[in-house]
Amino acid sequence: MTEQEPRKPIIQRALVLSGGGARGAYQAGVLAFLAEAGWTPDLVCGTSIGAINAAAYGAGLSPEAMAELWYAYDRKALRRFSLRSLFARLRDSLRSERGYRPLADTDNTRAVFEKHIDTGKLRNSKTRILVSAINMHTGRIRYFSNKVIGIDHLMAAAAIPLFFPWQTIGRAPYWDAGLMVNTPITPALGLGAREIIAVLHSPVGAFETGLPKTGVQAFELAVEHTLTGSFINSLPDDSWNAGPDENEYEGPPVGSPRMEQAAGGIKIRTVAPLEMLGVSSMFNYSEKQAKHLVREGYRHAKMQLSPFL
């Protein structure tokens, strides 16, 4: 008899967690609803703050514990920025003749990860966890599995370019993959998931949005497109819809029967805010915003997913 190769784990359900800075509290609310509904993922894949929440989930933190972590660390350990001070510091940094320096250190953030994310439990998690980061030398995305994830990998996943220092893993420097894959659905599709829930931090990509009426709204919409564009354009496109002109095409809407048909029967659902959160929300780590986003994440997940679960 020849020794058989071990069977690869079967991925049926996948949860995809987007990046979005302080908006990540929204995901704790979504996770609370999914736990209540009895929907358990086989795979959780995250970018940026979504990677941190994915790792926390794999390490055994309950949605309630995740929410409490968001509430407790207002200004105590996580750095809080205002947009005005952030752009002022960025301007000064770009003009500096002393060479490149990130805007903030991450000692406090590392301390939070070390205290609350048990990497031993994470590596033994029955749920497969993938976190993304960009190899700065090659510009390619790399996904790290929970079997190897350590604090350095989480620091790399959360290393927002310019704002935080990159992290060296092995011999390569890595930083936040939100620039390229803010909603990393590709691994879920590649690993054969049949049911995917993607948590967005923006209505763009989940709902049709109106035209901006002010310059600020135009700027915010442009930012939201950069956050959700990778998700929208990574969806299966085997069955494209012809537009009014034979040379115009668009992909099927997320969650539509045509999308599921195009994706070979894969059910792809989204949970997303019903309105724009504003660019400043990504840098607002206040307890007030965290509680609001946790409540909204739970409410929106219940509203948007209950018909399917």
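Residues numbered from 1 in each chain as written. Predicted model: local features only at pLDDT ≥ 70, side-chain atom pairs only at ≥ 80, totals over all residues. Heavy atoms only, no water.

Caption draft 1: Summary view of helix α2 (residues 49-58). Most of α2 is tucked away, with nine of its 10 residues classed as buried. Ile49, Gly50, Ala51, Ile52, Asn53, Ala54, Ala55, Ala56 and Gly58 are the residues of α2 that are buried. Positive phi shows up at Gly60, right after α2, with a value of about 95°. (Buried < 20%, exposed > 50% of the residue type's maximum accessible area, 1.4 Å probe, protein only. Helix = DSSP H or I, 4+ residues; strand = E, 2+ residues; numbered from the N terminus.)

Caption draft 2: Molecular detail of the side chain of Ser18. With respect to the helices, strands and loops of the structure, Ser18 is situated in the loop between β1 (13-17) and α1 (25-37). Only 2.7 Å separates the side chain of Ser18 from the backbone oxygen of Val199, close enough to count as a polar contact. If sequence neighbours within four positions are ignored, Ser18 has contacts with Gln27, Thr47, Ile49, Gly50, Asn182, Thr183, Val199, Leu200 and His201. (Polar contact = N/O pair within 3.5 Å; in protein donor to acceptor, adjacent residues only side chain to side chain. Contact = heavy atoms within 4.5 Å.)

Caption draft 3: Region of the structure containing the environment of Ala272. Within the element layout of this structure, Ala272 appears in the loop between β10 (267-271) and α11 (287-305). In this structure Ala272 comes out as buried when scored by relative accessible area, which is 0%. Distance in space between the C-alpha atoms of Ala272 and Gln304 is 8.4 Å, their sequence separation being 32 residues. Once you skip the residues sitting within four places of it in the chain, Ala272 turns out to touch Tyr26, Leu200, Ser202, Pro203, Ala206, Phe207, His300 and Gln304.

Caption draft 4: Focus on helix α9 (residues 215-232). Helix length check: α9 (18 residues) gives 24 Å between terminal C-alpha atoms against 26 Å at 1.5 Å per residue, within 8%. Most pronounced at Thr226, the bend in α9 amounts to some 35°. If you check which residues of α9 are buried, you get Glu220, Leu221, Val223, Glu224, Leu227, Thr228, Gly229, Ser230 and Phe231. As for α9, its buried residues are in contact with β7 (195-199) and β10. (Expected span 1.5 Å × (residues − 1). Bend = angle between axes of the 7 residues up to and from the residue.)

Caption draft 5: Geometry of unusual backbone geometry. The phi dihedral of Ser48 falls on the positive side, at around 55°, and the residue is not glycine. Structurally, Ser48 is set in the loop between β2 (43-46) and α2. Classification of Ser48 by relative accessible area gives buried; the value is 7%.

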